[in-house]
Amino acid sequence: MAAVETARGLRKTLHDRGMRMTPQRQLVLDAVRALEHATPEQICARVQETAPTVNITTIYRTLDLLDRLGLVRHTHLGHGAPSYSVDEHQHVHLVCHVCGSVQEIPCELLDPLVGTLRERDGFELDATHLALSGTCRDCLKQEQETE
């Protein structure tokens, strides 16, 4: 049922903006939903399981369109390709620059910072589209043990 609702939602969004639904657009959105967090290359591999002729250029163009339509979001988790997820999938990523691990924390943990930025600077932070870089607990523990 969720796939049918996704298809209807995408079709309506595209139609409302004067665009047409294509099988490739639906396949890309379905892949992002299934993978939850994925690079364009991972999404391409998933799409090519059912549509081997879809190339990476089509994937990038479709992801860009879906991002502009607000149906997916991208986050840069480090150097390299962005990671895409569906719009409802909202959290902050904690990226360890030592081991590369990625943890997810609720956006609400940044509410004090969001409030401070709004009051002090008149800036509205979108914490749902954020990756913070640092060192994870395990890597910190290893550092302390080797000192």
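Just so we're clear, the structure is a prediction, and the values are computed from it rather than from any experiment.

1. Quick word on the overall build of the protein
Moving on, step 1. Of the regular secondary structure elements, the protein holds six helices and five strands.
Moving on, step 2. Secondary structure of the protein in N-to-C order comes out as α-α-α-α-β-β-β-β-α-β-α.
Moving on, step 3. Judged by the C-alpha coordinates and their principal axes, the protein covers about 55 × 40 × 30 Å.
Moving on, step 4. Here the protein holds 147 residues, and the buried ones make up 35% of them.
Moving on, step 5. Accessible surface for the protein amounts to roughly 9400 Å². Of this, 51% is attributable to carbon and sulfur atoms.
Moving on, step 6. Once the 15 positive and 21 negative side-chain charges of the protein are each reduced to a mean point, those two points are 10 Å apart.

2. Observations concerning the packing of helix α3 (residues 40-48) against helix α4 (residues 56-68)
Moving on, step 1. α4 packs onto α3 with a crossing angle of 115° between their chain directions and a minimal axis gap of 9 Å. Relative to α4, the element α3 lies roughly perpendicular. Handedness of the α3/α4 crossing: right-handed. Seen from α3, the contacting residues are Pro40, Glu41, Ile43, Cys44 and Val47; seen from α4, they are Ile56, Ile59, Tyr60 and Leu63.
Moving on, step 2. Residue classes in the contact of α3 with α4 are distributed as eight nonpolar, no polar and one charged.

3. Focus on the environment of Gln103
Moving on, step 1. Among the secondary structure elements, Gln103 is positioned in strand β4 (residues 102-105).
Moving on, step 2. Along the chain, Gln103 and Val28 lie 75 residues apart, while their C-alpha atoms are 25 Å from each other.
Moving on, step 3. Leave out the neighbours within four places in its chain, and Gln103 touches Val92, His93 and Leu94.

4. Details of the nonpolar core
Moving on, step 1. Membership of the largest hydrophobic core comes to 22 residues, with the highest contact counts inside it found for Val28, Ile43, Val47 and Ile59.
Moving on, step 2. Mapped by element, the contributors of at least two residues to this core are α1 (2-16), α2 (23-35), α3, α4 and β2 (83-86).
Moving on, step 3. When neighbours within four sequence positions are excluded, Val28 is seen to be in contact with Ile43, Val47, Ile59, Thr62, Leu63 and Leu66.
Moving on, step 4. The next biggest cluster of nonpolar side chains, apart from the first, holds nine residues, and it includes Val92, Ile105, Leu125 and Ala127.

5. Some words on the packing of α2 against α4
Packed helices, taken two at a time, are described by their axes: the angle between them and the distance between them.
Moving on, step 1. At their nearest, the axes of α2 and α4 sit 10 Å apart, and the two run at 75° to each other. Relative to α4, the element α2 is oriented roughly perpendicular. Residue-level inspection shows Gln24, Arg25, Val28, Leu29 and Val32 of α2 in contact with α4, the latter providing Thr58, Ile59, Thr62, Leu63, Leu65 and Leu66.
Moving on, step 2. The residue inventory of the contact of α2 with α4, partitioned by class, reads seven nonpolar, three polar and one charged.

6. Let's talk about the pattern of salt bridges
Moving on, step 1. Tallying each qualifying case throughout the model produces five salt bridges.
Moving on, step 2. The salt bridge involving Asp64 is made with Arg68; its shortest N-O contact spans 3.2 Å. Separated by four residues within a single helix, Asp64 and Arg68 lie in helix α4, roughly one turn from each other.
Moving on, step 3. Among the residues examined, Arg68 registers a relative accessible area of 58% and is labelled exposed.
Moving on, step 4. As a salt-bridge pair, Arg118 and Glu124 come within 2.8 Å of each other at their nearest N and O atoms.
Moving on, step 5. By relative accessible area, which is 42% here, Arg118 ends up partly exposed.

Analysis parameters
- Note on numbering: residues in each chain are counted from 1, in written sequence order.
- Residue-level local features of this predicted model are given only where pLDDT is at least 70; pairs of side-chain atoms are given and counted only at 80 or more, and the full residue set underlies all totals for whole chains, interfaces and linings.
- Side-chain descriptors were evaluated using all non-hydrogen atoms of the structure, hydrogens and water having been removed beforehand.
- In this description a helix means any DSSP run of H or I spanning at least four residues, a strand means any run of E spanning at least two, and both kinds are numbered starting from the N terminus.
- Partly exposed describes any residue whose relative accessible area lies between the buried limit of under 20% and the exposed limit of over 50%, with all areas from a 1.4 Å probe on protein chains only and scaled to the type maximum.
- Per-residue accessibility takes into account occlusion by the displayed protein chains alone, with areas from the Shrake-Rupley method and a 1.4 Å probe.
- When charges are counted, Lys and Arg are positive and Asp and Glu negative, with His and the chain ends excluded.
- Where a charge lies is defined by one atom per residue type, namely NZ (Lys), CZ (Arg), CG (Asp) and CD (Glu).
- In this description, a line fitted to the C-alpha atoms serves as the axis of each element, helices being fitted only across the stretch in contact, and the angle between N-to-C directions of two axes falls anywhere from 0 to 180 degrees.
- Orientation is classified from the angle alone, with under 35 degrees giving roughly parallel, over 145 giving roughly antiparallel, 65 to 115 giving roughly perpendicular, and any other angle giving oblique.
- Should the near helix be turned anticlockwise from the far one by less than a right angle, the crossing is termed left-handed; should it be turned clockwise, right-handed.
- Only heavy atoms matter for contacts: two residues are in contact if any of them lie within 4.5 Å across the pair.
- Residues are grouped as follows: Ala, Val, Leu, Ile, Met, Phe, Trp, Tyr, Cys and Pro are nonpolar; Asp, Glu, Lys and Arg are charged; all remaining types, including Gly, are polar.
- Here, the term nonpolar core denotes a set of buried Ala, Val, Leu, Ile, Met, Phe, Trp, Tyr and Cys residues that are joined through side-chain atoms within 4.5 Å.
- We count a salt bridge whenever a side-chain nitrogen from Lys or Arg sits within 4 Å of a carboxyl oxygen from Asp or Glu.

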